[in-house]
Amino acid sequence: MSGIEEPSASAVRASGEVRAVIGRLRRRIRAASGAADMSLTQDSVLARLLDNDGLTTSDLAVMEEMRHQSMAATVAALADRGLVERRRDPGDGRRLLIALTAEGRGRAAEGRQARGEWLAAELDRKCTEEERQTVIEAMAVLGRLIRD
């Protein structure tokens, strides 16, 4: 035996529900941003660079939990579209930093705003104040799961 306790039935059910809802919600939020012409990873990289301009391909690969080679292909695709550029690190000329172009920054910011507006409008339209407070409380609980 491994000594690991089996999760409770409620934990298994909650896991399934959370994964299903988050998956569907992510697709709906993404559709609201108009990013249908980009992969999830490309969209995520633009969002990460909006918050942390000047990351290396390795940094991005770690953040996205993917192989360096796969991230290099993602960055190349974004560069081909004029959304990111590679710059020499001023502190270490051997390193290349990935940064948003003006077009990439605009696209990332517009997407973020559209996603936020869509979700806020849906929460306002489809939920009561009490339900919105429940969502806020549930996010605090889920947030504990991802804190190290």
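Residues numbered from 1 in each chain as written. Predicted model: local features only at pLDDT ≥ 70, side-chain atom pairs only at ≥ 80, totals over all residues. Heavy atoms only, no water.

**Quick word on the pairing of strand β2 (residues 92–100)**
Okay, step 1: Here six bridges tie strand β1 (residues 84–89) to β2, and the two strands are oriented antiparallel to one another. Bridging from a neighbouring strand, R87 pairs with L97 of β2. (Pairing = 2+ DSSP bridges. Helix = DSSP H or I, 4+ residues; strand = E, 2+ residues; numbered from the N terminus.)

**Quick look at the side chain of S33**
Okay, step 1: Among the structural elements, S33 can be located in helix α1 (residues 9–33).
Okay, step 2: For S33, a relative accessible area of 16% gives the class buried.
Okay, step 3: A polar atom in the side chain of S33 sits 2.7 Å from the backbone oxygen of R30.
Okay, step 4: Filtering out sequence-adjacent residues up to four positions away, S33 remains in contact with D43, G111, A114 and R115. (Buried < 20%, exposed > 50% of the residue type's maximum accessible area, 1.4 Å probe, protein only. Polar contact = N/O pair within 3.5 Å; in protein donor to acceptor, adjacent residues only side chain to side chain. Contact = heavy atoms within 4.5 Å.)

**Concerning the nonpolar core**
Okay, step 1: Core analysis: the largest hydrophobic core is formed by 17 residues, its most contacted members being L46, L49, L60, L78 and V84.
Okay, step 2: Among the elements of the structure, α2 (40–51), α3 (57–64), α4 (68–80) and β2 are those that each provide at least two residues to this core.
Okay, step 3: Here this core takes four residues from α2, the largest share from any one element.
Okay, step 4: The residues contacting V84, other than those within four sequence positions of it, are L46, L49, V75, L78, A79, I98, A99, L100 and T101. (Core = buried A, V, L, I, M, F, W, Y, C linked by side-chain atoms within 4.5 Å.)

**Some remarks on the packing of α2 against helix α5 (residues 102–126)**
Relative orientation and spacing of two packed helices are given, respectively, by the angle between their axes and the distance between those axes.
Okay, step 1: Taken N-terminus to C-terminus, the directions of α2 and α5 make an angle of 100°; their axes are 9 Å apart at the nearest point. Classified by the angle between their axes, α2 and α5 sit roughly perpendicular to one another. Seen from α2, the contacting residues are D43, L46, A47, L50 and D51; seen from α5, they are R105, R107, A108, A109, R112 and R115.
Okay, step 2: Here the residues of the contact of α2 with α5 are counted per class, giving five nonpolar, no polar and six charged. (Axes fitted to C-alpha atoms, helices over the stretch in contact; angles between N-to-C directions. Parallel < 35°, antiparallel > 145°, perpendicular 65-115°, else oblique. Nonpolar A, V, L, I, M, F, W, Y, C, P; charged D, E, K, R; others polar.)

**Let's talk about the pattern of salt bridges**
Okay, step 1: According to the stated counting rule, one finds 13 salt bridges in the structure shown.
Okay, step 2: With its nearest N and O atoms 3.1 Å apart, the salt bridge here joins R125 to E122. Taken as a pair, R125 and E122 lie in helix α5 at a separation of three residues, close to a single helical turn.
Okay, step 3: Owing to a relative accessible area of 14%, E122 belongs among the buried residues under this scheme.
Okay, step 4: Bridged by salt links that share partners, the residues R30, D43 and R115 form one connected network. (Salt bridge = Lys/Arg side-chain N within 4 Å of Asp/Glu carboxyl O.)

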